[in-house]
Amino acid sequence: MTQHNALHKVVVIGGGYAGTVAANHLRLRDDVDITLVNSRPTFVERIRLHQFVAGDYDASVDYGTLLGDGIKLVVDNATRIDTASRTVELASGAALDYDYVVYAVGSTGAVPSSVPGAAEFAYSIAELESAERLRARLAELPADAAITVVGGGLTGIETAAELAEQGRKVTLVAGRTLAPTLSAPGRRSIATWLSENGVTVEYSAVAEVRRDAVVLTDRAVRHSALTIWTAGFGVPALAAASGLRVDELGRLLTDEALASVDDDRIVAAGDAGSPSGRPLRMSCQAAIPLGVQAADTVLSRIAGTAPPVLDQGFKGVLISLGRHAGIRQLVQADDTPLDTYVDGHEGAQMKEEQCRQTVMGIGMEARNPGTIVWYKPGPRLEQMATAR
């Protein structure tokens, strides 16, 4: 840790994977006053929420084990960033002064208002509070109740698989393609597991959600005692509400050093940032390196040096299929899937180990800032040019 004198105030908004890592990494200097603003008093292992819903995992972790010494945790919601006065306004009415903001508000579930009944009757699994409601509702249902999971992406697959392994009667409405970000061999492996474990896959979309049914786009009606919506993500509207430019989804527009295109004292990390208008895939695999790099940009500004540009690549996609199977899909650095994958029990072990190491890595960064490393194939814009 480098020793200095004058304090620099940094407010980190959001205590998920990116924000928690960023707060810890900022401790590389001893003259940074770090405040982490989060709506909950505990860290949520979001990549485990499907396990939490199924009743076999507690996805909350005490921040005392994950935050480094000296980091102040404020349990509140940020409602506006006032760039003129350099304050973060909170729902409680308080305000925090800042020299820099790390914008790490994450993503949220997106249940569309355009689908009749979805907002009223479908349950989201994207956040702890919605997952708690879903878990409570699931516990009320008889074991043979029909459950519909809407969304053929990774979250939908993991949720459907977790419930099916418990003997639940599950239908997965997957849209036109199951696991569209995977290779064709990887998709076939997942489809085989789902079929062998009793999950009915509908290659359609939902036109309406009712209290006890879903209506597909071909007007077919499927009985559903519980409908879980996992199709799509959104982001909090804090950046737009603060007068900062955002992309079409509401992510903060930044340069390749992750600084806002409107104010370089605001630096994005994780799902809510859109570097050069080309955001990375929403995932903790992306969020944690983004958190470190956002903190490095702030530290460079404080030191008066040029911040490094975004340098990270993907290695694979890990999907759990219940507790005893999984799949690891290998990808190129730009996240393009390869035909190579590992499935079955070995895939499950890889997924579990990655989830365990993710939380362990955050704790290690708290104790020894600078510990986290990641795959660095070169500046991202150069990667894109090479891929093209």
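See above for the structure.
Everything quoted here is computed from the prediction, not taken from an experiment.

## Here we look at the sheet that holds strand S17 (residues 221–223)
Adjacent strands of a sheet form backbone hydrogen bonds with each other and so pair up, either parallel or antiparallel. What the 3 strands build is an open sheet, ordered S15-S16-S17; its pairing is antiparallel. The open sheet has two edge strands, strand S15 (206–210) and S17, and neither has a second partner. Direction aside, the axes of adjacent strands within the sheet are offset by 20 degrees on average. Here S15 runs beside strand S16 (residues 213–216); their pairing, made up of 4 bridges, is antiparallel. Each bridged residue has a counterpart across the sheet, and for Val209 the counterpart in S16 is Val214.

## Topic: the sheet that holds strand S5 (residues 72–75)
Taken in spatial order, the 5 strands of this open sheet run S5-S2-S1-S9-S21, and their pairing is parallel. Edge strands, defined here as strands with exactly one partner in the open sheet, are S5 and strand S21 (266–268). The mean angle between the axes of side-by-side strands here comes to 20 degrees, regardless of whether they run parallel or antiparallel. Together, strand S1 (8–13), strand S2 (32–38), strand S9 (100–103) and S21 form the strand contacts of helix H8 (residues 284–303), whose direction differs from that of S9 by roughly 170 degrees.

## Points about the nonpolar core
Looking at soluble globular proteins, one finds that nonpolar side chains tend to be buried together. With 81 residues, the main nonpolar core has Leu26, Val102 and Ile190 as its most contacted residues. In terms of residue count, H8 provides more of this core than any other element does, 11 residues in total. With near-sequence residues (within four places) excluded, Leu26 lies in contact with Val10, Val12, Val32, Ile34, Ala295, Val298 and Leu299. Counting residues in each nonpolar core, the second largest holds 18 residues, with Ile13, Ile81, Leu96 and Ile266 among its members.

## Structural notes on the environment of Asn38
The topology assignment puts Asn38 in strand S2. On the accessibility criterion, Asn38 (8% relative accessible area) is buried. The sequence separation of Asn38 and Ala78 amounts to 40 residues, and the corresponding C-alpha distance is 8.2 Å. Residue contacts for Asn38: discarding those within four places in its chain leaves Gly14, Gly15, Tyr63, Leu73, Val74, Val75 and Asp76. A polar contact is formed between the side chain of Asn38 and the backbone oxygen of Arg40, at a distance of 3.0 Å. Separated by 3.2 Å, the side chains of Asn38 and Tyr63 make a polar contact.

## A closer look at helix H4 (residues 128–140)
Residue pairs three or four apart in sequence face the same way in an α-helix, which turns once every 3.6 residues. Between its terminal C-alpha atoms H4 stretches 19 Å, which fits the 18 Å expected from 13 residues at 1.5 Å a residue. Those residues of H4 that fall on the buried side of the exposure criterion are Leu128, Ser130, Ala131, Leu134 and Leu138. One side of H4 holds all its buried residues, which, seen down the axis, span an arc of 155 degrees. The outward face of H4, more than 90 degrees from its buried face, is lined by the exposed residues Arg133, Ala139 and Glu140.

So, how was this worked out
- Within any chain, residue numbers begin from 1 and follow the written order of that chain's sequence.
- In keeping with the model being predicted, local features are shown solely for residues with a pLDDT of at least 70 and side-chain atom pairs are shown and tallied solely at 80 or more, while totals for entire chains, interfaces and linings include all residues.
- The side-chain numbers reported here are obtained from all heavy atoms of the structure, hydrogens and water having been left aside.
- DSSP-based pairing: two strands are paired if at least 2 bridges between them are found.
- Note on conventions: DSSP H or I runs of at least 4 residues are helices, E runs of at least 2 residues are strands, and numbering of each starts at the N terminus.
- Between the N-to-C directions of two axes lies an angle of 0 to 180 degrees, each axis being a line fitted to C-alpha atoms and, for a helix, fitted only over the stretch in contact.
- We call two residues contacting when some pair of their heavy atoms lies within 4.5 Å.
- Residues belong to one nonpolar core when they are buried, are Ala, Val, Leu, Ile, Met, Phe, Trp, Tyr or Cys, and are joined through side-chain atoms within 4.5 Å.
- With a 1.4 Å probe rolled over the protein chains alone, any residue whose accessible area is under 20% of its type maximum counts as buried; one over 50% counts as exposed, and the rest are partly exposed.
- A 3.5 Å cut-off defines polar contacts: any pair of N or O atoms within that distance qualifies, except that in protein one atom must be a possible hydrogen donor and the other a possible acceptor, and neighbouring residues in sequence count only when both atoms are side-chain atoms.
- To estimate how far a helix should extend, the number of its residues minus one is multiplied by 1.5 Å.
- Starting at the helix axis, one direction is taken to each C-beta atom, and the arc is that of these directions.

Shape is all these values report; function is a separate question.
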